[in-house]
Amino acid sequence: MGISFVHTLYSQINNVAINSNFDIGLKMGFTGGCDCYNSFHENFISGQSYGLYIIATQYANQNQWYGGSIGSAGTAAFIGGAVNNFFGVDFENAGIAMEFAGGANSVYSPYLEGNTVNVQFDSGATGNM
């Protein structure tokens, strides 16, 4: 794993590059605490199976993603948790660009190109936009 967020609050992650040598580029939402209120600005996150993996629990909420790119040969962004927001993020050349597993997550003005599937909603994914 490139980066593992375990109960990380109110942090800023700016201009970080995580290459695709890892199975998962960044994982968050671990049981027992909150990975919440973090801001991600202009990062490049990539992994073999998942670029970003937000576990489908209530432990990753209110994270903000601004610009940058999230990619993977598998799923670029597995979006669990709740009320995570993505603004102008590039999801490109992935098997699945965005897979929603949580609720009330939002994506604004994404760039989608060269994906096999752009958006997938799993059972139980409600209120996403």
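Note that this is a predicted model, so its numbers are computed, not measured.

Definitions and cut-offs
- Residues numbered from 1 in each chain as written.
- Predicted model: local features only at pLDDT ≥ 70, side-chain atom pairs only at ≥ 80, totals over all residues.
- Heavy atoms only, no water.
- Helix = DSSP H or I, 4+ residues; strand = E, 2+ residues; numbered from the N terminus.
- Contact = heavy atoms within 4.5 Å.
- Disulfide = S-S within 2.5 Å.
- Buried < 20%, exposed > 50% of the residue type's maximum accessible area, 1.4 Å probe, protein only.
- Pairing = 2+ DSSP bridges.

Novice: Could you give an account of the side chain of N61, with specific residues and numbers?
Specialist: Relative to the helices and strands, N61 is located in the loop between strand 7 (50-54) and strand 8 (64-66). Not counting residues within four places of it along the chain, the set of residues in contact with N61 comprises D35, C36, Y37, G81, A82, V83 and N84.

Novice: Tell me what's going on with the state of the cysteines, and back it up with residues and numbers.
Specialist: Linking two cysteines covalently via their sulfur atoms produces the bond known as a disulfide. Overall, the coordinates contain one disulfide when judged by the stated rule. What pairs with C34 in a disulfide is C36, and their sulfur atoms sit 1.4 Å apart. Its torsion about the S-S bond being -55°, the disulfide of C34 and C36 is classed as left-handed. For C34, a relative accessible area of 24% gives the class partly exposed. Among the residues examined, C36 registers a relative accessible area of 1% and is labelled buried.

Novice: A description of the sheet that holds strand 4 (residues 24-28) should follow, citing residues and the corresponding values.
Specialist: Ordered by their spatial adjacency, six strands build an open sheet running 1-4-7-10-13-16, and the pairing between neighbours is parallel. Across the chains shown, the open sheet's two edge strands, defined by having one partner strand only, are strand 1 (3-4) and strand 16 (117-121).

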